[in-house]
Every structure is written in C-alpha cells, then in structure tokens.
Amino acid sequence: NDSLRIAASQKAAIAQLVGDYGKLSAADFSTSLALTSTRVEASQINAGVQQRRLTSGQLRGESAWLKNGERVYEHDRIMLTRNDYQLGARNGMLGTIVSIQQPQWRDEAVKLQVKLDSPTLQKGSSQKVRTILIDLEKYSDVQLGYAVTTHKVQSVTVKSSYVLLGEAMLNNEMAFTQLTLASHTSVI
C-alpha cells in the first residue's frame, strides 16, 4: 500500500520522511508522530518538519527560544521531557503551542500555552483535553515534538506513524514497538 520507502542512505531516508510527514495538515499533527531510535535523528526530523511548516505558513506569530537552543512558534508541536506534578506535566507528553506570551518586563519569563494531546480523566468519567501554561523559567524541559525516540512514547497510540528504520540501535523489539504505535497507518 505504498507504506514502505527504501532509501540509499540514512540521510536520504530522513529527507523522505520529512517530505512525507511534512505534508500533513496542521490538524493531523496531533494524531501523527515520527519515530526514531536516536535523539540525533529525531532532532534532524524535527528541524526539517518545522522548516517545512514555516515555509508553508502553518507556523507564524510569536516565537520563543528553548533552553536546548530550539526556536518554537505558535502551532509548533512540542514534547515535555520532565515530570512536574504541580504543573501536570509528565515526561513524554506531547502537545501543540496555542500561544506564546512574551514578557512585558525584563524579570518575567516567556510563557507557552500548550494544548496537550492526551486527554486527562477529570472528576467523573468524562475526558477533557487540557491546556497548560508553561513558564519557561520554571519549567524549561521542552523540545520540538514532531519526531521522538521510541523510548519516550512506548505507551502512546497515534493514528499514523512515520517510522525511520535502519538505525544502529534498532532491534526486533524496538521495530515491533515502532510499527505498532499507529492504530491506522505506519509509513516506513
């Protein structure tokens, strides 16, 4: 079903994955994910997809610099990388930046309003999508979240996954996990 792509090199495979994944509509990013075995490849894919979205006009408005040197924009996908129970943040949570609030005064920090992907069970049995406000001075463990390592999202299920196979760290168990995170389609 045209879901398997073979490339001459890892660099070419990353470019193909960025091309395929980068064609998604803005609404489809919250139900799709690119998976790799290494953080270096996830970082390369994140930069490539973000650049495609910038070029196409899907990302615009305010921007902010993250502690890790990445620049994020409104509507960018991010991943939280540390637990903070007071904030309601869990390591590996994914979300979309709704707005970026620039400080009015020098002693204030940039704040990101983030709509989290995973619904949280509220009182009773109804599920709600949560929005949190992240003060980057107090919680700086944020990175781009278009592509992530398989280890970070082992319990996540998405509609579509874009999997980069062939890394040196890949084994049968990791490949199985990568290919089964999607409920509908995996593009390899």
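Just above sits the structure.
Residues numbered from 1 in each chain as written. Predicted model: local features only at pLDDT ≥ 70, side-chain atom pairs only at ≥ 80, totals over all residues. Heavy atoms only, no water.

(A) Up close: the sheet that holds strand β10 (residues 142-144). The strand order across the open sheet formed by five strands is β9-β6-β5-β4-β10, and the pairing between neighbours is antiparallel. In this open sheet, the two strands that pair with only one neighbour each are β9 (131-135) and β10. Averaged over all neighbouring strand pairs, the angle between strand axes comes to 40°, with direction disregarded. In this sheet, strand β5 (residues 94-101) lies alongside strand β4 (residues 77-80) in antiparallel orientation, the contact comprising three bridges. Across the sheet, I78 pairs through a bridge with G95, a residue of β5. (Pairing = 2+ DSSP bridges. Helix = DSSP H or I, 4+ residues; strand = E, 2+ residues; numbered from the N terminus. Axes fitted to C-alpha atoms, helices over the stretch in contact; angles between N-to-C directions.)

(B) Quick look at the side chain of N46. Along the chain, the position of N46 falls in helix α2 (residues 39-56). Filtering out sequence-adjacent residues up to four positions away, N46 remains in contact with L144, G145, Y146 and A147. (Contact = heavy atoms within 4.5 Å.)

(C) Molecular detail of α2. With 18 residues, α2 extends 26 Å between its outermost C-alpha atoms, agreeing within 8% with the 26 Å of an ideal straight helix rising 1.5 Å per residue. Where α2 is concerned, the buried positions are E41, A42, I45, N46, V49, Q50 and R53. One side of α2 carries all its buried residues, which in axial view fall inside an arc of 160°. Facing away from the buried side of α2 by over 90 degrees, the exposed positions are V40 and T55. Where α2 is buried, its residues contact α1 (10-21), β1 (32-36), β3 (71-73), β4, β10 and β11 (147-149). Looking one or two residues beyond α2, the residue adopting positive phi is G57, at roughly 85°. (Expected span 1.5 Å × (residues − 1). Buried < 20%, exposed > 50% of the residue type's maximum accessible area, 1.4 Å probe, protein only. Arc of directions from axis to C-beta.)

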